[in-house]
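Chain and residue survey
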Amino acid sequence: MTAIVISPLARIAEIAVRHGAREMISLMAKEHSFHRPAVIQADRHLLLNMNDISFAGTGDLVAPQETHVRAIIDFATGWDRSAPLLIHCWMGVSRSPAAALIAALSVHPEEDDLVLVRRLRASSPFATPNARLVAIGDDMLGRRGRLVAAVKEIGRGADTDGNAPFMLPLADLSNGT
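This section reports on the structure supplied with the text. This one's a predicted model, so the numbers in the text were calculated from it and none came from an experiment.

**Section: the environment of Val-117**
Here Val-117 is to be found in helix α4 (residues 113-123). Sequence-distant contacts of Val-117, that is, excluding residues within four places in its chain, are made with Leu-101, Leu-147, Ala-150, Val-151 and Ile-154.

**Let's talk about unusual backbone geometry**
At Arg-81, a position not held by glycine, the phi torsion is positive, near 65°. You can see Arg-81 is positioned in the loop between α2 (66-78) and β4 (85-89).

**A closer look at helix α6 (residues 146-154)**
All of the buried residues in α6 are Leu-147, Ala-150, Val-151 and Ile-154. Take α6 and look down its axis: the buried residues cluster within an arc of 95°, on one side only. Against the buried residues of α6 lie α3 (95-107), α4 and α5 (131-140).

**Some points on the environment of Arg-121**
Position of Arg-121 relative to the elements: it lies in helix α4. With relative accessibility at 19%, the residue Arg-121 sits in the buried group. Between the alpha carbons of Arg-121 and Gly-155 there is a distance of 9.3 Å; along the sequence they are 34 residues apart. Polar side-chain contacts of Arg-121 include one of 2.9 Å to the backbone oxygen of Ser-124.

**Thoughts on the nonpolar core**
Counting 40 residues, the largest nonpolar core has Ile-4, Ile-25, Leu-27, Ile-72 and Ile-87 as its most contacted members. In terms of residues, this core owes the most to one element, α3, which gives nine residues. With near-sequence residues (within four places) excluded, Ile-87 lies in contact with Ile-4, Val-5, Ile-6, Ser-7, Ile-25, Leu-27, Ser-96, Ala-99, Ala-100 and Ala-103. By size, the runner-up hydrophobic cluster in this structure holds 10 residues, among which are Val-5, Leu-9, Ile-12 and Ala-21.

**Describing the pattern of salt bridges**
As a working rule, side chains carrying opposite charge can pair if their charged atoms are close by. Within this structure, the stated rule accounts for 10 salt bridges. In this structure, Asp-113 engages Arg-146 in a salt bridge whose closest nitrogen and oxygen atoms are separated by 3.2 Å. Pair noted here: Asp-113 is in helix α4 and Arg-146 is in helix α6, with a separation of 33 residues, a long-range link. You can call Arg-146 partly exposed: its relative accessible area is 38%. Within this structure, Arg-11, Glu-14 and Arg-18 form a network of salt bridges that share partners.

**Focus on the sheet that holds strand β5 (residues 166-169)**
Strand order in this open sheet of five strands is β3-β2-β4-β1-β5, and the pairing throughout is mixed. Edge positions in the sheet fall to β3 (45-49) and β5, since each of these pairs with one other strand and no more. Sheet twist, expressed as the average angle between the axes of neighbouring strands with direction ignored, equals 20°. Of the strand pairs in this sheet, strand β2 (residues 23-28) and β3 are connected by five bridges, and their pairing is parallel. Residue pairing across strands places Ser-26 opposite Leu-47, the latter belonging to β3. Across the sheet, α3 is in contact with β1 (3-8), β2, β4 and β5; its angle to β4 comes to roughly 150°.

Rules behind the numbers
As a convention, each chain's residues are numbered from 1 in the sequence order in which they are written. Since the coordinates come from a predicted model, pLDDT governs what is reported: local features require at least 70, and pairs of side-chain atoms require 80 or more to be given and counted, while whole-chain, interface and lining totals use all residues. Hydrogens are left out, water is left out, and the side-chain values use all remaining heavy atoms of the structure. Helix and strand assignments come from DSSP, with helices taken as H or I runs of at least 4 residues and strands as E runs of at least 2, each series counted from the N terminus. We call two residues contacting when some pair of their heavy atoms lies within 4.5 Å. The rule is simple: take the accessible area with a 1.4 Å probe, protein chains only, and divide by the maximum for that residue type; under 20% is buried, over 50% is exposed, in between is partly exposed. Within this analysis, the arc is defined by the directions that extend from the helix axis to the C-beta atoms. In the analysis that follows, any N or O atom pair within 3.5 Å is treated as a polar contact, provided that within protein one partner can donate a hydrogen and the other can accept it, and provided that, for residues neighboring in sequence, both atoms belong to side chains. In these notes, a set of buried Ala, Val, Leu, Ile, Met, Phe, Trp, Tyr and Cys residues joined through side-chain atoms within 4.5 Å is what counts as a nonpolar core. Any carboxyl oxygen of Asp or Glu within 4 Å of a side-chain nitrogen of Lys or Arg constitutes a salt bridge here. Strands were regarded as paired on the criterion that DSSP finds at least two bridges between them. Here the axes come from fitting lines to C-alpha atoms, over the contacting stretch only for helices, and the angles between their N-to-C directions go from 0 to 180 degrees.

None of this, on its own, says anything about what the molecule does.
Here it is, written out as structure tokens:
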């Protein structure tokens, strides 16, 4: 089964090896440096510098932008799906779950938004997808507010220490699930 694995930064090497990931999206503030796991080739690693904020950004803070979402969509549609896609941010709670939803809908645009978001919640009681990324993704993917509404329906996730990687299985749309 093809899946997206969401991880906090501290566990990306372990998670990449455990799940056999060969492609990775990193959503990190520009001041955070880290090493790409050796199993991820540089040309299959997308690094997007942004802060985990839901407003336009002030001072040195970089809000998620349309260019970030376009890069997620383009990277996801280029993902060969022979191995899980690893997506991470600092804690694996906000930016990366939002990017995972965008990536999932990029490769399966026919998927029902609410079914996908409920699968995210079932996979992680902690996920609280970044509202700005979700709204931009909803617009760019032509979801007509369905993704935003679905994320609002599941509400904020439970508090966490940011050490809870999880897997979001992609739907098997060949049999309607």
